[in-house]
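Examination of the molecular architecture
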Amino acid sequence: MEETIFQYDFIVKGLLGALFASITAGLAGTYIVSRKMVFLSGGITHASFGGIGIGYFAGFNPVIGAAIFGILSALGVEYLSVRQKIREDSAIGILWAFGMAIGIIFIYLTPGYSPNLMSYLFGSILTVSNADIIALGIMSLILIFYFSIFYRTILYISYDEAFARTYSPYVNVFKYVTTALIALTIVLNIRMAGVILVLSLLTIPPNIAMIFTKVYSRIIVWSVIAGFLGTAAGYAISYFAGIPAGATIIFTLVIIWLIVKGIYKLFRTLSNQQPATSNQQPATSNQEPATSNQQPATSNQQQNNQ
Amino acid sequence: MPYLFEMKSVSVSYGAGYVLRDINFAVNERDFIGVIGPNGGGKTTLLKVILGLLKPVCGTISFISSLADGKRIGYLPQMSTGDNNYPVTVTDVILSGMMIRKRIMSRMSSSDKNKASQVIDELGLSAFAHSSLSELSGGQLQRVFLGRAIIGDPILLLLDEPGNFVDSNFEHDFYERLRILNRRMAILMVSHDIGMISSHVKSYACVNMGLHYHPSSEISNEQLLAYGCPVQLITHGDVPHTVLKTHS
């Protein structure tokens, strides 16, 4: 009897955790992947480990320590890159290692062994508390509201920041707020996938979506779907096989990525074998002389060759 | 005549020395001004001051109310400042030009989207409406950015070296389009190629740290001297010829 209650609790927690993780990671991940902020996000993740260490040492919730470290390091890097006082990638590299170093030092200084430490590094559904799930749920709501209210503004600022500055005085505000939300998303997902692997939870789903769509809003939706499938399946496998959740989730996501990529390639090959006319644009829809239709293809090839 | 904006003794500096010095300049409705001058003479800086991206170290710039309240300025940057691999469609990029008259929380209405497809048709980009930017050639990209600059019905259009990317198929069409746009908006077009723009603009502003305004589209010796270096002038005639410096 006790066994079944435990299993039921585990399934609910696992499914809710997977759902909220995939929503937050899908929204934040689409933003960081398309803005090419993956390395910055890696820096935020590892810097936040410093906060986990201090949390252990000082005896407060390590997630709060991680959140403070994560947000401060994210804003710090954005600030430095806005001011252009330092090479951004070097700053991130320093922050990355410094956060890990602080974390390790404080964990060693803490008397006794910390049994939960492994769950922070590798992620575990067993140690995820109800409070963690609720926090991720609230974060999902915040991100859904934020991205749907400011969708156009966020899209245009991250596509072309310099141009956005010509019409909006709020570009920096949006960059800081969005980056802080990304940092918080990463920190809350550390409980699910672990410091070492959480970044992939954010980056793999958008890359699965970008195989077949280039429209921002669709990338978000498909990222959430792919993320949910990967996370839920990963948890199930991790539970029954007794291996760390983070690793199983990432493994499952990469398999999904490979399958989607394979199916897409197969689909493309098959559709290319159809009569060649289906690829040509109707002549009437292009107002230019027919010869200019040649231009895009050749100039794209040139760009690709560079 | 009502001016759209007026600069009074405006000077701009990036730190060491002046880029623009003591500029007095006003743009009126329906102006079509070619902004010429040597590279590094401050042409792009002038546009950035008008856009409010750079604050003058001294001097004032005053706008008429419709420019001061909302920034009804269309801008075509010299080169693409965005990431061409970003997951954004041609329609999205052109729609982003509507932001000059929107609030940060605005959504795009169906009339905005109709407007975008109308602009896309006019620019001959209908086949690419849902393409991502990486599928476009340089000339097509430039047309997308022109679309972004004009969709919000600006009353002042700033073009920075539009000739750089305009492909020869589109060149005539491009200047004809500007002539039509000029009926409802003032245009300030930066170019280092006097020959190319001479038959299109109504007047010139020569920018080389200072600014000299020439109210006619005739090019004078004095204007060429503002370059501070030898300039080869190409003119149109029955027989192809170029005009070189007179023998001393």
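Rules behind the numbers
- Residues numbered from 1 in each chain as written.
- Chains lettered and ligands numbered in written order.
- Predicted model: local features only at pLDDT ≥ 70, side-chain atom pairs only at ≥ 80, totals over all residues.
- Helix = DSSP H or I, 4+ residues; strand = E, 2+ residues; numbered from the N terminus.
- pLDDT = per-residue confidence, 0-100.
- Axes fitted to C-alpha atoms, helices over the stretch in contact; angles between N-to-C directions.
- Parallel < 35°, antiparallel > 145°, perpendicular 65-115°, else oblique.
- Left-handed = near helix turned anticlockwise from the far one by under 90°.
- Contact = placed C-beta atoms within 7 Å.
- Nonpolar A, V, L, I, M, F, W, Y, C, P; charged D, E, K, R; others polar.
- Buried ≥ 20, exposed ≤ 12 C-beta atoms within 10 Å, placed from the backbone.
- Pairing = 2+ DSSP bridges.
- Core = buried A, V, L, I, M, F, W, Y, C linked by C-beta atoms within 7 Å.
- Domains from an automatic or database assignment.

**Focus: unusual backbone geometry**
If you check the backbone angles, K36 of chain A has positive phi at about 55° while not being a glycine. Secondary-structure assignment places K36 of chain A in the loop between α1 (2-34) and α2 (38-58). Look at E161 of chain B: it is not a glycine, yet its phi comes out positive at around 50°. If you trace the backbone, E161 of chain B turns up in the loop between β6 (156-160) and α6 (168-181).

**Focus on the confidence of the model for chain B**
All names here are of chain B. Scored by pLDDT, chain B comes out at a mean of 81, with 83% of its residues at no less than 70. Taken element by element, chain B is modelled with least confidence in strand β10 (residues 233-235), mean pLDDT 54, and with most confidence in helix α3 (residues 90-95), mean pLDDT 92. The ipTM assigned to the predicted complex is 0.81, against a pTM of 0.81.

**Thoughts on the packing of helix α6 (residues 130-149) of chain A against helix α9 (residues 171-193) of chain A**
All names here are of chain A. Where α6 meets α9, the closest approach of the two axes is 10 Å, and the angle between their N-to-C directions is 150°. As far as their axial angle goes, α9 and α6 are roughly antiparallel. The two elements α6 and α9 cross, and the hand of that crossing is left-handed. The residues of α9 that touch α6, namely those facing D132, A135, L136, M139, L143 and Y146, are L181, L184, T185, L188 and R191. Split by residue class, the contact of α6 with α9 holds eight nonpolar, one polar and two charged.

**Structural notes on the environment of T89 of chain B**
Structurally, the position occupied by T89 of chain B is in the loop between β5 (73-76) and α3. The exposure class of T89 of chain B is partly exposed, given the 18 C-beta atoms found within 10 Å. In this structure, the C-alpha to C-alpha distance between T89 of chain B and Y14 of chain B, residues 75 residues apart in sequence, is 35 Å. In contact with T89 of chain B, not counting residues within four places along its chain, are V215 of chain A together with H130, S131 and S132 of chain B.

**Considering the interface of chain B and chain A**
With 31 residues of chain B in contact, the opposing surface of chain A contributes 32 residues. Among the residues forming the side of chain B that touches chain A, the class breakdown is 14 nonpolar, twelve polar and five charged.

**Looking at the sheet that holds strand β3 (residues 32-36) of chain B**
All names here are of chain B. The six strands lie next to each other as β5-β6-β7-β3-β8-β9, forming an open sheet whose pairing is mixed. Single-partner strands in this sheet number two, and they are β5 and β9 (210-214). Between one strand and the next, the sheet's axes are offset by a mean angle of 15°, whatever the strand orientation. Note that β3 and strand β8 (residues 203-208) share four bridges and pair parallel. Counterpart to I33 in the pairing with β8 is S203. Sitting on the sheet, helix α1 (residues 43-51) touches β3, β5, β6, β7 (186-190) and β8, and the angle it makes with β6 is about 150°.

**Description of the nonpolar core**
In this structure, V187 of chain A together with V35, I94, L158 and I187 of chain B are the most contacted members of the largest nonpolar core, which totals 145 residues. Residue-level mapping places this core at the junction of two domains, with at least three residues from each of domain 1 (3-72 + 155-243) and domain 2 (85-148) of chain B.

**A short note on the pairing of β3 of chain B**
Residues and elements named next belong to chain B. With five of its five residues buried, β3 lies for the most part within the structure. Across the two faces of β3 the burial is the same, with F32, G34 and I36 and I33 and V35 all buried. Two elements, β3 and β7, share four bridges in a ladder whose sense is parallel. Looking at the pairing, I33 lines up with L188 of β7.

**Some words on the sheet that holds strand β4 (residues 58-63) of chain B**
Residue and element names in this part refer to chain B. One open sheet holds the three strands; their spatial order is β2-β1-β4, and the pairing between them is antiparallel. Each of the sheet's edge strands pairs with one partner strand only, and the pair in question is β2 (18-28) and β4. Sheet twist, expressed as the average angle between the axes of neighbouring strands with direction ignored, equals 10°. Of the strand pairs in this sheet, strand β1 (residues 3-13) and β4 are connected by five bridges, and their pairing is antiparallel. Paired with F5 across the strands is F63, a residue of β4. Those strands touched by α1 are β1, β2 and β4, and its axis lies near 120° from that of β1.

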